[in-house]
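This is what each chain is made of:
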Amino acid sequence: GDSVTQMEGPVTLSEEAFLTINCTYTATGYPSLFWYVQYPGEGLQLLLKATKADDKGSNKGFEATYRKETTSFHLEKGSVQVSDSAVYFCALRIIQGAQKLVFGQGTRLTINP
Amino acid sequence: DAGVIQSPRHEVTEMGQEVTLRCKPISGHNSLFWYRQTMMRGLELLIYFNNNVPIDDSGMPEDRFSAKMPNASFSTLKIQPSEPRDSAVYFCASSYERGGLPSTDTQYFGPGTRLTVL
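In this text, all values refer to a predicted model and were calculated from it rather than measured experimentally.

**Student:** So what's going on with the overall build of chain A? Which residues, and what values?
**Tutor:** From N to C terminus, chain A includes zero helices and twelve strands. Ordered by position from the N terminus, the helices and strands of chain A form the series β-β-β-β-β-β-β-β-β-β-β-β. Computed over C-alpha atoms, the radius of gyration of chain A comes to 14 Å, within 12% of the 13 Å expected from 2.2 N^0.38 for 113 residues, which places it in the range of a compact globule. Once the C-alpha set of chain A is aligned to its principal axes, its extents read approximately 45 × 30 × 20 Å. Considering chain A as a whole, with its 113 residues, one finds that 46% of them fall into the buried category. Pairs at least 24 residues apart make up 55% of the contacts formed inside chain A by residues separated by at least 6 positions.

Following this line, the structure appears as structure tokens:
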């Protein structure tokens, strides 16, 4: 079945460090890919998305490139801030058929000043 | 826009009691999703509706869970009877599904209901 695997957390970094959170997927179709972020006590918010191979999604300094050859969608940011501390979820959505999202297990990120 | 509204935000109940969670989607959205989040199982889709019709309820744990969407602006998730293992954060999300390809329609999540069953 369709699935998403994220690097295990928690991840702890210092402010201004470079961030990578790995995400790989397995899908029978040709999915759209998403990163959602969940701040403490809140629901999930869409961070960025990509619909086809080599597309790059970007938002708030975060980027992720849809790599079909490696079935990956790694999240990166060049210089993290304390305010980036949150749980990050990678997700996929199969274009044909169900509208539902399949989420990874989430990666908790903590940024220390 | 008020976003997706969920109530209550917190619910504490005793085992065996009936629990009803409520959701008001964003006006104009035609799809609604119920998720459950736990430390052990992560984020799971329970059921989703399109145009008020349940499309996929394969994630509903068992017959104790039921969901309804009587109109485009309201949905409920009911657990009867509740059990301690139902303790979790329940999220409602909504989106406007155009039905075209590719599908990247954004799901907007509510703040969640934290349910504790004692």
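Having put the structure on the table, let's press on.
**Student:** Explain the side chain of R64 of chain B residue by residue, including any values.
**Tutor:** Residues and elements named next belong to chain B. Among the secondary structure elements, R64 is positioned in the loop between β6 (53-56) and β7 (65-71). Separated by 2.8 Å, the side chain of R64 and the backbone oxygen of P81 make a polar contact. At a separation of 2.7 Å, a polar atom in the side chain of R64 contacts the side chain of D86. For R64, the contacting residues outside a window of four places in its chain are K78, I79, Q80, P81, S82, E83, R85 and D86.

**Student:** I'd like a description of the pattern of salt bridges, backed by residues and values.
**Tutor:** All names here are of chain A. All told, the structure shown has twelve salt bridges over all chains when counted by the stated rule. The residue D54 makes a salt bridge to R67 at a minimum N-O spacing of 3.8 Å. You can see D54 sitting in the loop between β6 (44-50) and β7 (56-59) and its partner R67 sitting in the loop between β8 (62-65) and β9 (75-77), a full 13 residues away along the chain. Here D54 falls in the exposed class, since its relative accessible area comes to 54%. Overall, R67 belongs to the partly exposed group, its relative accessible area being 36%.

**Student:** Describe the layout of surface pockets, listing the residues and the values that go with them.
**Tutor:** One number sums up the size of the largest pocket: a volume of about 780 Å³. Lining the largest pocket are 31 residues, with Q38, V87 and R108 of chain A together with Q37 and M39 of chain B sitting closest to its centre. Elements represented by at least two residues in the lining of the largest pocket include exactly β10 (86-94) and β12 (107-112) of chain A together with β4 (31-38), β5 (42-50), β9 (88-95) and β11 (113-117) of chain B. Looking at the lining of the largest pocket residue by residue, the class counts come to 14 nonpolar, twelve polar and five charged. Taken as a whole, the second largest pocket encloses approximately 200 Å³ of empty space. For the second largest pocket, the lining is made up of 13 residues, of which K100, L101 and V102 of chain A together with E44 and L45 of chain B are closest to its centre. Put simply, the parts of the chain that give the lining of the second largest pocket at least two residues each are β11 (102-103) of chain A together with β5 of chain B. Considering every element that reaches the lining of the second largest pocket, the biggest residue donor is β5 of chain B, with four residues.

Rules of the game
Every chain's residues receive numbers from 1 upward, in the order its sequence appears when written. Each chain is given a letter, starting from A, and each ligand a number, starting from 1, according to the order in which they appear as written. Totals for whole chains, interfaces and linings use all residues, but because this is a predicted model, local features are given only for residues with pLDDT of at least 70 and pairs of side-chain atoms are given and counted only at 80 or more. Note: side-chain values were computed over all heavy atoms of the structure, leaving out hydrogens and water. For helices the rule is a DSSP run of H or I covering at least 4 residues; for strands it is a run of E covering at least 2, with both sets numbered from the N terminus onward. As defined in this context, the radius of gyration uses C-alpha atoms, and a globule is described by 2.2 Å times the residue total to the power 0.38. In this scheme, a residue with accessible area under 20% of its type's maximum is buried, one over 50% is exposed, and one in between is partly exposed, where area comes from a 1.4 Å probe on protein chains only. Contacts were defined at the residue level, with two residues in contact if any of their heavy atoms lie within 4.5 Å. Each polar contact in these results corresponds to two N or O atoms within 3.5 Å; when the atoms are within protein, one needs to be able to donate a hydrogen and the other to accept it, and residues that are neighboring in sequence are counted only if both atoms are side-chain atoms. Whenever Lys or Arg places a side-chain nitrogen within 4 Å of a carboxyl oxygen from Asp or Glu, that contact is recorded as a salt bridge. Detection works on a 1 Å grid of protein atoms alone, calling trapped sets that fit a 1.4 Å probe cavities and calling open sets with protein on both sides within 12 Å along at least five of seven lines pockets, with lining residues defined by an atom within 4 Å of a point. Grid points are joined across faces, edges and corners, and a volume is the space filled by probe spheres set on the points. Residue polarity follows a fixed list, in which Ala, Val, Leu, Ile, Met, Phe, Trp, Tyr, Cys and Pro are nonpolar, Asp, Glu, Lys and Arg are charged, and the others, Gly among them, are polar.

All quantities given are derived from atomic positions and should not be read as evidence of function.
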